[in-house]
Amino acid sequence: MSDCIFCKIVAGEIPSHKVFENDAVFAFLDIAPLAEAHTLLVPRRHVTQLDQLTADESAAIGAVLPKLAAAVQKITGAAGYNILQNNGECAGQVVMHVHFHIIPRNGADGLGFRWHPTKYAPGRDKAVLAELQSALKN
Ligand code: 5GP
Ligand code: ZN
């Protein structure tokens, strides 16, 4: 896509600190890292959200993500890491080319959470489950 910054990075039209590439995916350092070695993994093809990936693209991402996570954790010595993947503006997505953040965690990183669990109304969990199972059949 011509006006997509990540498409331009994948194509080498604008510079990036490339971490890894193969014929399906491209990984590079985030320009505004939440911690050192914060890395982004993207499919080469422009799609906006995770659900638009093909099975092959998903498999290619799945094959690389654990290796990248291991490398990020190893070189940073982080106690852990988050894989963050935002879909849609309401979910915090700013760049509309699907991407996975690999964010090493330590005491002084820039990531925070707001996580307020709720409860299902009686019977609602079963209704939601039936809807989901039905949607998966299509
Ligand atoms: P989002 O909020 O869409 O999940 O995250 C987009 C990420 O892309 C941000 O962490 C931001 O720092 C990173 N980013 C935006 N523009 C560029 C760029 O031109 N180069 C690199 N390397 N990262 C970028
Ligand atoms: Zn793109």
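As a reminder, the structure under discussion sits directly above these lines.
Residues numbered from 1 in each chain as written. Chains lettered and ligands numbered in written order. Predicted model: local features only at pLDDT ≥ 70, side-chain atom pairs only at ≥ 80, totals over all residues. Heavy atoms only, no water.

Undergrad: Would you take a moment to explain the coordination of the zinc ion (ligand 2) for this structure?
TA: Metal coordination angles have textbook ideals: 109.5 degrees for a tetrahedral set of four donors and 90 or 180 degrees for an octahedral set of six. Looking at the zinc ion (ligand 2), the protein donor atoms are Cys4 (SG), Cys7 (SG), His46 (ND1) and His97 (ND1), and they sit 2.1 to 2.3 Å from it. Considering all four donor atoms around the zinc ion (ligand 2), angles at the metal cover 105 to 117° and the coordination shape is tetrahedral. Each donor residue of the zinc ion (ligand 2) lies on the same chain, and together they follow the pattern C-x2-C-x38-H-x50-H. One end of the pair, His46, is in the loop between strand 3 (39-43) and helix 2 (55-76); the other, His97, is in the loop between strand 4 (80-84) and strand 5 (100-105), with 51 residues separating them in the sequence. Each member of the pair, His46 as well as His97, carries the same accessibility label: buried. (Donors = N, O, S within 2.8 Å, 3.2 Å for Na, K, Ca; no water. Tetrahedral: all angles 85-135°; square planar, octahedral: opposite > 155°, others 65-115°. Helix = DSSP H or I, 4+ residues; strand = E, 2+ residues; numbered from the N terminus. Buried < 20%, exposed > 50% of the residue type's maximum accessible area, 1.4 Å probe, protein only.)

Undergrad: Teacher, can you tell me more about unusual backbone geometry here?
TA: Here the phi dihedral of Ala37 falls at roughly 80°; this positive angle occurs in a residue that is not glycine. For Ala37, the location among the structural elements is in the loop between strand 2 (25-29) and strand 3.

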